[in-house]
Amino acid sequence: MALYDFSAPRLFVEPDLGPGAEIELDRAQANYLLNVLRLGPGKAVLAFNGRDGEWLMEIRSAGRKSASLVAGERTRPQPEPGNLAFLFAPLKHARLDYTVQKAVEMGVGRLQPTFTRRTVSSRVNAERMRANAIEAAEQCGILAVPEVAAEDDLEPVLRRLEPERVLVFCDEDAPLKNPLEALAALPPGTRLALLVGPEGGFAPEERAMLLARPNVLRISLGPRILRADTAAVAALAILQAAIGDWR
Ligand code: SAH
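Residues numbered from 1 in each chain as written. Predicted model: local features only at pLDDT ≥ 70, side-chain atom pairs only at ≥ 80, totals over all residues. Heavy atoms only, no water.

> Pulling in residues and values, what's your account of unusual backbone geometry?
Positive phi, close to 55°, is recorded for Arg38, a residue that is not glycine. Following the sequence through the fold, Arg38 ends up in the loop between helix H1 (27–36) and strand E3 (44–48). (Helix = DSSP H or I, 4+ residues; strand = E, 2+ residues; numbered from the N terminus.)

Below, the structure is given as structure tokens:
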């Protein structure tokens, strides 16, 4: 049985959700429901805001360009936020959009754009990243929308990691060893951070600094060098397979 209902469209809203709550939609949301999905008054929509769980809503007072939703029952409680921190060198445009969406689908709890020596992007559009995170959550029924942290350089990002959090370092120069054994040996519930580098890989001094840290688990993703966006998905799949949230 599917965990949740995919028959009704899912929409992220900002306001609080509760019994009888009435939500005024913005123009883009109203246009999406009324003109793209061609839904009208009385039709069902599932709404979530990342705090109050998922609510079955009914479309009300739909003009051509405006609509509101009225809350009926709560269909799913708000789950705990994901615990996995994803540290990644921002890629350019479409590849960054892709990486953000896939990381959300794969259950990360925090997206941390991290500038390394060879990162090609000079800045990150936080609004665009958040919009991608929300779109992935809407499409995949994810209610705990990950935090999108402000971009920062590798060293301050590492300094802010909690000491007990294990840093899983995807190193293209790692010795060729299947990572599943080392990952599965981590105690259940270990707080993790995953680090994936840029198109140009890690600089030698970064690798030395990373390997000198306590609580670092250096892993190989196989005998081939993966593109950075491929590596992100591969690493997340391996992590979740080995010690993920299979509840
Ligand atoms: N030059 C290629 C990929 C560079 S490596 C490109 O054009 O994208 C990009 C990042 O992906 C690396 O820093 C590392 O974090 C990860 N990665 C890629 N292949 C890997 C492998 N075989 N093992 C471990 N990490 C890998």
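Let's pick the thread back up.
> Now, about the sheet that holds strand E4 (residues 54–60): what can you tell me, with residues and values included?
A sheet is described by the order of its strands in space; here five strands give the open sequence E1-E3-E4-E5-E2, paired in mixed fashion. Unpaired on one side and paired on the other, strand E1 (10–12) and strand E2 (22–24) mark the two borders of the sheet. Across the sheet, the axes of successive neighbouring strands diverge by a mean angle of 40°, strand direction being ignored. Across six bridges, E4 lies against strand E5 (residues 68–76) in antiparallel orientation. Paired with Glu58 across the bridge in E5 is Val70. Here helix H3 (residues 126–140) sits on the sheet in contact with E1 and E3, set at roughly 150° to E1. (Pairing = 2+ DSSP bridges. Axes fitted to C-alpha atoms, helices over the stretch in contact; angles between N-to-C directions. Contact = heavy atoms within 4.5 Å.)

> Give a detailed account of the site of the ligand, specifying residues and quantitative values.
The immediate surroundings of the ligand are formed by 20 residues, with Cys170, Gly197, Glu199, Leu221 and Arg224 found nearest. Interatomic distance of 3.0 Å between a backbone N/O atom of Gly222 and a nitrogen atom of the ligand. At 2.8 Å from a nitrogen atom of the ligand is found a main-chain nitrogen or oxygen belonging to Arg224. Computed on the free molecule, the ligand has an accessible area of 550 Å², of which 87% lies beneath the protein chains in the complex. Tallied by class, the residues present in the shell around the ligand amount to ten nonpolar, four polar and six charged. (Near = heavy atom within 4 Å. Polar contact = N/O pair within 3.5 Å; in protein donor to acceptor, adjacent residues only side chain to side chain. Areas by Shrake-Rupley, 256 points an atom, 1.4 Å probe, with all protein chains shown as cover. Nonpolar A, V, L, I, M, F, W, Y, C, P; charged D, E, K, R; others polar.)

> Give me the domain arrangement of the protein chain: which residues, what numbers.
How big an interface is tends to be reported as the loss of accessible area on association of its parts. Considered domain by domain, the protein chain is made up of domain 1 (10–76) and domain 2 (85–242). With nine residues of domain 1 at the contact, the number on the domain 2 side is eight residues. The three residues of domain 1 that bury the most area against domain 2 are Arg10, Phe12 and Phe48, which together make up 63% of that side's buried surface. The interface formed by domain 1 and domain 2 contains zero salt bridges. Along the contact surface separating domain 1 from domain 2 lie two residue pairs in polar contact (both at pLDDT 80 or more). (Domains from an automatic or database assignment. Buried area = accessible area lost by both parts, 1.4 Å probe. Salt bridge = Lys/Arg side-chain N within 4 Å of Asp/Glu carboxyl O.)

> Please set out the packing of helix H2 (residues 93–105) against helix H7 (residues 228–243) residue by residue, giving values where relevant.
One can describe the packing of H2 onto H7 by two numbers: an axis separation of 9 Å at closest approach and a directional angle of 5°. The pairing of H2 with H7 is recorded here as roughly parallel in orientation. Residues Arg95, Tyr98, Thr99, Lys102 and Ala103 of H2 pack against Ala228, Asp229, Ala232, Val233 and Leu236 of H7. The residue inventory of the contact of H2 with H7, partitioned by class, reads six nonpolar, one polar and three charged. (Parallel < 35°, antiparallel > 145°, perpendicular 65-115°, else oblique.)

> Report on the nonpolar core, specifying residues and quantitative values.
In terms of nonpolar packing, the biggest core is built from 36 residues, with Phe86, Leu111, Val168 and Leu194 touching the most fellow members. Looking at this core, the elements that each hand over two or more residues are strand E6 (85–88), H2, strand E7 (110–115), H3, strand E10 (166–170), strand E11 (192–196), strand E12 (216–219) and H7. Not counting chain neighbours up to four residues away, the residues in contact with Val168 comprise Leu183, Leu192, Ala193, Leu194, Leu195, Leu217, Ile219 and Leu239. Of all hydrophobic cores here, the second largest spans 18 residues; its members include Val13, Leu34, Val45 and Ile59. (Core = buried A, V, L, I, M, F, W, Y, C linked by side-chain atoms within 4.5 Å. Buried < 20%, exposed > 50% of the residue type's maximum accessible area, 1.4 Å probe, protein only.)

> Give a detailed account of the environment of Val45, specifying residues and quantitative values.
Following the sequence through the fold, Val45 ends up in strand E3. Sequence-wise, Val45 and Ala71 are 26 residues apart; in three dimensions their C-alpha atoms are separated by 9.4 Å. Contact partners of Val45, with chain neighbours within four places excluded, come to Ala8, Pro9, Leu11, Leu33, Trp55, Leu56, Met57, Ile59 and Leu69.

> Describe in detail the packing of aromatic side chains, supporting the description with residues and values.
For the coordinates displayed, the defined rule picks out three aromatic pairs. A ring pair is formed by Phe12 and Phe48, whose centres lie 5.4 Å apart and whose planes are at 70°; its orientation type is edge-to-face. Separated by 36 residues along the polypeptide, Phe12 in strand E1 and Phe48 in strand E3 bring together distant segments of the chain. We classify Phe12 as buried; its relative accessible area is 6%. Taken together, a centroid distance of 4.8 Å and an interplanar angle of 15° make the contact between Phe86 and Phe88 stacked. Grouping residues by exposure puts Phe86 and Phe88 together as buried. (Phe/Tyr/Trp six-rings, centres within 6.5 Å; stacked < 30°, edge-to-face > 60°.)

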